[in-house]
Amino acid sequence: MPDTATAPATDPILSVRDLHKSFGSTDVLKGISLDIRKGEVVVVLGPSGSGKSTMLRCLNRLEEPTSGQIIFEGEDICASKANVNSIRERMGMVFQQFNLFPHLDALHNVMLAQEKVLKRSKEEAERVAREQLARVGLADRADYFPDELSGGQQQRVAIARALAMDPHVMLFDEATSALDPELVRGVLDVMRELAQGGMTMVVVTHEMGFARDVADRVIFMEGGYIVEEGAPEQVFEHPRSKRTRAFIGQVAS
Amino acid sequence: MKNWKMTKLASIATLALAATLGLAACGGAPATEGSASTDEGSGEFTTLTEGTIAFATSPDYPPFENLVDGEYVGLDMDLGRAIAEELGLECEYVNIDFDGIVPAIVAGGQADAGLSGISITPDREDQVDFSTPYYVDNQAVAVMNDNTAITEDNATEALNQETVRIAVQSGSTGEEHAAEYFPNAELVSFPNFTDCFAAVQAGQADAVCGNIAVVEQMLAEAYDNEHVVYTSATGEEYAIAVSKDNPELLAAINEAIETLDENGTLDELISANMG
Amino acid sequence: MNSIHHHLARALALVALVAAGSIACLGALPAPACAMETVRCTGRPNAEDDKSAIQGATESRITLETSLDAGEGVEQLTLHIPEGTSFSTDDLAVTMLTGDDLMTREEVSYTETVDGQDLVLDFDKPLNDAGHLSVMVYGVYFPQAGGDIQVAASYVANGAEHTLENIPTIPVVGISGTEALSQWLEQQPWVQSWNENRFLRLFFDPTIMVTSFPVVLNGFFMSIAVVALAFPLGIPVALLLAFMRMSKFVLWRGIATTYVNIVRGTPLFLQIYIAFFGLPLAGINVPNFPLGVIVMMLNSGAYMCEIFRAGILAVSKGQTEAARSLGMSGAQAMFYVVLPQMFRMVIPNLTNEFITLYKDTSLLAAVGVMELVMYARTIVASTGSITPYIVAAVFYLVITLPLSKITRHLEERALGHRTRRRTPAAASAAPTSKEA
């Protein structure tokens, strides 16, 4: 496991500058700046309504930022001429509600975008799909439809679906929040393995254990600002902000 | 016993059908006196609603029956009112498509008699009884003025071609006439006679075949860009259709027509409407 | 028995008389004498499936119309109707049509005698007016097998007998199987007692059921053809409208919304009238059938547009987001992710729309499209029985009942759960989607 402190000081793969987002008159993000380096696992914590999901969704423009700059692999993704589809290809996203395509079985859920976006052949797409399904431990569920799978299995298929696109960054939006407690572990295990494999990840979650064990860096957000940022030991053991301390205390209890 | 039940069942079903079709709407009163009550008193006739005689008519046939501002006008309509007056009844008209009138009289429940420029034909006589005829009419065929293919000189042959479409009213003698005399032509049937003329205007048909008085009236009033190219003296007699189950009513109507004929009313009505 | 002898004698007599007549023509009487000419000789169509066909073994009528010159003095007319064709003298109608336009009718008084296949009319007064003589013989039954029926005629004018030349044959078609069955049924005692009941006769007359079935079947095929074309063609129209209604461009939205509101807000009957009588006046001429299909297509397009729109909106936003997050374009997300789910969801509604559309083809009867109801109507008009409508109703139900059942099944399935299970393990492991 690479140590954050000794990570090579390469250019960040993803860089956010003064990101603002408002819905109508409600300001949700009030100036977020953030750099994420290749291979880094960043966990975003914060109470509900702190803007962490919105921030994540701005990263691949599922939400349109109101102002600010997001540079991904050297390209300003907010520019009017930016090819948002090709940017999203390189950024996998996993949703709280899985959002598997209910009319397709697991295998075809994973194949669809490969064929339509990456223009892979059917055989190639199927090979990759089976590989990714095996990776999340669901090789034997390839021909199951989403409603035949448990929530945890569905989320793992969703992860496989994102991974099949060979993303450079994975975004996890509360990937385990909708799961029954006993199913959470399986999903977290997959995410942990992914992190250990060197995947760049931005993870919005409430799982403190995961943050503590896997994160290279923890970001604490509240009220549309980044309140605290640092290595997990530092944020968890010696939070500088009172709010962070209160939040961590609350969640831990 | 069994028979009584069946009759009862039949009248209930007929009522139900009439109600379902929504055609019993006129006057609103249901047929309380069905065929069951006809056997009381031989000279007395019965109608569906006491004190009213309901005529089924298809008001698309000027100058015989037509709706003008919601009023039933025309020779038949005047005649119906005169007959009702003779019989001391209220006159009521029930709007039914022409091809449904004879079936409606056979089925009963909707109207007492059919008064709609109905020609006496042996086929119809099998189904209903006819009154004394009150008007004699012939057949005519009209085409657009700019139709050079079908003219008065060649109509008999020109109309009898496979490429010719003749608009006729469904169930009319015009339909039968065209079928017999122009068997090669294609007949296009419309429930409504006025639509036959519109169809010729619209190019959906090349010609329209029907009773001459009506054709001429339609051409005079609405379709002056069509003209008659063919006539045939079929001498069809118009009469009132009455159910075979109601000979008493037929006798009363015949008596009324006779009176109207003798006192000159019928001639007056004809000249007033055929002007 | 003595018919051969009789015929021979007749034939000889005719030959002699024709000769005599010609001489008479050339000689004594200058202008008009032998000029009784055939105008037409027709049979009355009596088949239910083809309005201009004359079929055997079914009641028909023969009309013989001849032209006469003035002063002809026709005293007697003999019609010879071929063997195998029966006729009656009831309702016999003999009329003179005179005047310039032949529109004046005069009943002719006569005495008729029937001698085998000969119908002899002795006129009370010799016919001397110029005009057309029309003889209508009712109660005619042509041979069951059909064929070209040649009526022959001769007449006596001023004491001399002539043959009427150039009488066209009447083409008679053989009786159809159903017609034969119907006629057989009519003879059966049970049918007769069945039909004695007024209700049964009006609604369920077996003889009419049999004859109307093949006729109404034609209309059934027409109705099916209309709906089978209009419905699938309406789907792309509806999709286009639905996309337009959800477009961010006001113009597209406005056009589609206006269209949908107008079509859904006016009766289909009116739309049919406007299309059939209005478009041609505007110079747009489309034949009947395609026009019917187009009107039905455009109408159902508006209704299906709303079904599709609701269906698309009902597909969760997360589906589009998931598709877009994988790099799919908006169109790809729509076609590969949203629409397949939408179609699945709206199948019950679409089936209902299909049923409605199928039933609504009956409205085309008003504008001369020969569909189910129109065929039934023509028989109702000629028989006075409601039975053909009952037969038509059966043809509708044949389609609508199974479809309604399927719709119900689909709706239940949509509410319930997928019944398909891959393995027994999965069946026990995932009774609902929430559990493991």
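Residues numbered from 1 in each chain as written. Chains lettered and ligands numbered in written order. Predicted model: local features only at pLDDT ≥ 70, side-chain atom pairs only at ≥ 80, totals over all residues. Heavy atoms only, no water.

### What about the sheet that holds strand β6 (residues 113–114) of chain B?
All names here are of chain B.
Then, in step 1: Here five strands make up an open sheet; going across it, the order is β5-β1-β6-β13-β7 and the pairing mixed. Taken across any chain shown, the strands that pair with only one partner, and hence form the sheet edges, are β5 (90–95) and β7 (128–130).
Then, in step 2: Pairing between β6 and strand β13 (residues 241–243): two bridges, direction antiparallel. Bridge pairing in β13 links G114 to A241.
Then, in step 3: Lying on the sheet, helix α2 (residues 75–87) is in contact with β1 (52–57) and β5; it crosses β5 at an angle near 145°. (Pairing = 2+ DSSP bridges. Helix = DSSP H or I, 4+ residues; strand = E, 2+ residues; numbered from the N terminus. Contact = heavy atoms within 4.5 Å. Axes fitted to C-alpha atoms, helices over the stretch in contact; angles between N-to-C directions.)

### Examining a negative patch on the surface
Residue and element names in this part refer to chain B.
Then, in step 1: On the surface, a cluster of negative charge is contributed by E255, E258, D261, E262, D267 and E268.
Then, in step 2: Looking at the negative patch, the elements that each hand over two or more residues are α9 (247–262) and α10 (265–274).
Then, in step 3: When residues of the negative patch are assigned to their parent elements, the largest contribution, four residues, is made by α9.
Then, in step 4: For D267, the position within the fold is in helix α10. (Patch = residues over 30% accessible without salt bridge, like charges linked within 9 Å, V, L, I, M, F, W, Y side chains within 5 Å. Areas by Shrake-Rupley, 256 points an atom, 1.4 Å probe, with all protein chains shown as cover. Salt bridge = Lys/Arg side-chain N within 4 Å of Asp/Glu carboxyl O. Lys, Arg positive; Asp, Glu negative; His and termini not counted. Charge placed at Lys NZ, Arg CZ, Asp CG, Glu CD.)

### Here's the deal with the sheet that holds strand β4 (residues 71–73) of chain B
Residue and element names in this part refer to chain B.
Then, in step 1: Pairing is antiparallel across the open sheet formed by three strands, whose spatial order is β2-β3-β4. With partners counted over all chains shown, the strands left at the sheet margins are β2 (60–61) and β4, one partner each.
Then, in step 2: Relative to strand β3 (residues 65–68), β2 runs antiparallel, the two sharing two bridges. In the strand pairing of β3, Y61 is matched with E65.

### Remarks on the interface of chain C and chain A
Then, in step 1: In this assembly, 29 residues from chain C lie in contact with 34 residues from chain A.
Then, in step 2: Summing both sides of the interface, chain C and chain A together bury roughly 2,700 Å²; the carbon and sulfur share of this comes to 54%.
Then, in step 3: Between the two partners, chain C and chain A, sit one salt bridge.
Then, in step 4: Across the chain C-chain A interface, the total number found is six residue pairs in polar contact (both at pLDDT 80 or more).
Then, in step 5: Counting only elements with at least two residues in the side of chain C that touches chain A, the list comes to α9 (317–325) and α10 (330–360) of chain C.
Then, in step 6: Sorting elements by how many residues they give to the side of chain C that touches chain A places α9 of chain C first, with eight residues.
Then, in step 7: A breakdown of the residues in the side of chain C that touches chain A according to their chemical character gives 10 nonpolar, nine polar and 10 charged. (Buried area = accessible area lost by both parts, 1.4 Å probe. Polar contact = N/O pair within 3.5 Å; in protein donor to acceptor, adjacent residues only side chain to side chain. Nonpolar A, V, L, I, M, F, W, Y, C, P; charged D, E, K, R; others polar.)

### A word on the layout of surface pockets
Then, in step 1: When its volume is computed, the largest pocket comes out at roughly 1,500 Å³.
Then, in step 2: Taken together, 43 residues line the largest pocket, and the ones lying closest to its centre are D123 and Q127 of chain B together with E48, S382 and T383 of chain C.
Then, in step 3: The residue makeup of the lining of the largest pocket, split by class, is 10 nonpolar, 17 polar and 16 charged. (1 Å grid on protein atoms, 1.4 Å probe; cavity = no way out; pocket = protein on both sides within 12 Å on 5 of 7 lines; lining within 4 Å. Points joined across faces, edges and corners; volume = space filled by probe spheres on them.)

### Comments concerning the environment of L29 of chain A
Residues and elements named next belong to chain A.
Then, in step 1: As for its placement among the helices and strands, L29 is situated in strand β2 (residues 26–36).
Then, in step 2: On the basis of relative accessible area, L29 is assigned to the buried category, the value being 1%.
Then, in step 3: With 26 residues separating them along the chain, L29 and M55 place their C-alpha atoms 7.1 Å apart.
Then, in step 4: Contacts of L29, omitting those with residues within four sequence positions, involve L19, H20, K21, G51, T54, M55, C58, M221 and G224. (Buried < 20%, exposed > 50% of the residue type's maximum accessible area, 1.4 Å probe, protein only.)

### Describing the domain arrangement of chain B
All names here are of chain B.
Then, in step 1: Assigned domains within chain B: domain 1 (9–134 + 239–274) and domain 2 (136–235).
Then, in step 2: Tallying the contact residues gives 12 residues for domain 1 and 15 residues for domain 2.
Then, in step 3: Roughly 1,300 Å² is buried in total at the junction of domain 1 and domain 2, and carbon and sulfur atoms are behind 53% of that figure.
Then, in step 4: The largest per-residue losses of area from domain 1 upon contact with domain 2 belong to D60, Y61 and P62, which jointly make up 40% of the total buried on that side. (Domains from an automatic or database assignment.)

### Topic: a nonpolar patch on the surface
Then, in step 1: The grouping of F249, L251, W252 and I255 of chain C at the surface amounts to a nonpolar patch, some 440 Å² of accessible area in total.
Then, in step 2: Residue placement: W252 of chain C occurs in helix α6 (residues 250–265).

### Overview of the nonpolar core
Then, in step 1: Judged by nonpolar contacts, the single largest core of 116 residues is most densely connected at I83, I240 and I253 of chain B together with F276 and F308 of chain C.
Then, in step 2: At 13 residues, the largest contribution of residues to this core is made by helix α5 (residues 206–245) of chain C.
Then, in step 3: Those residues in contact with I240 of chain B that lie beyond four places of it in its chain are F55, I83, A113, G114, L115, D129, F130, S131, Y134, I253 and I257 of chain B.
Then, in step 4: In terms of nonpolar packing, the next biggest core, distinct from the first, is built from 52 residues, V136, L163, F220 and I248 of chain A among them. (Core = buried A, V, L, I, M, F, W, Y, C linked by side-chain atoms within 4.5 Å.)

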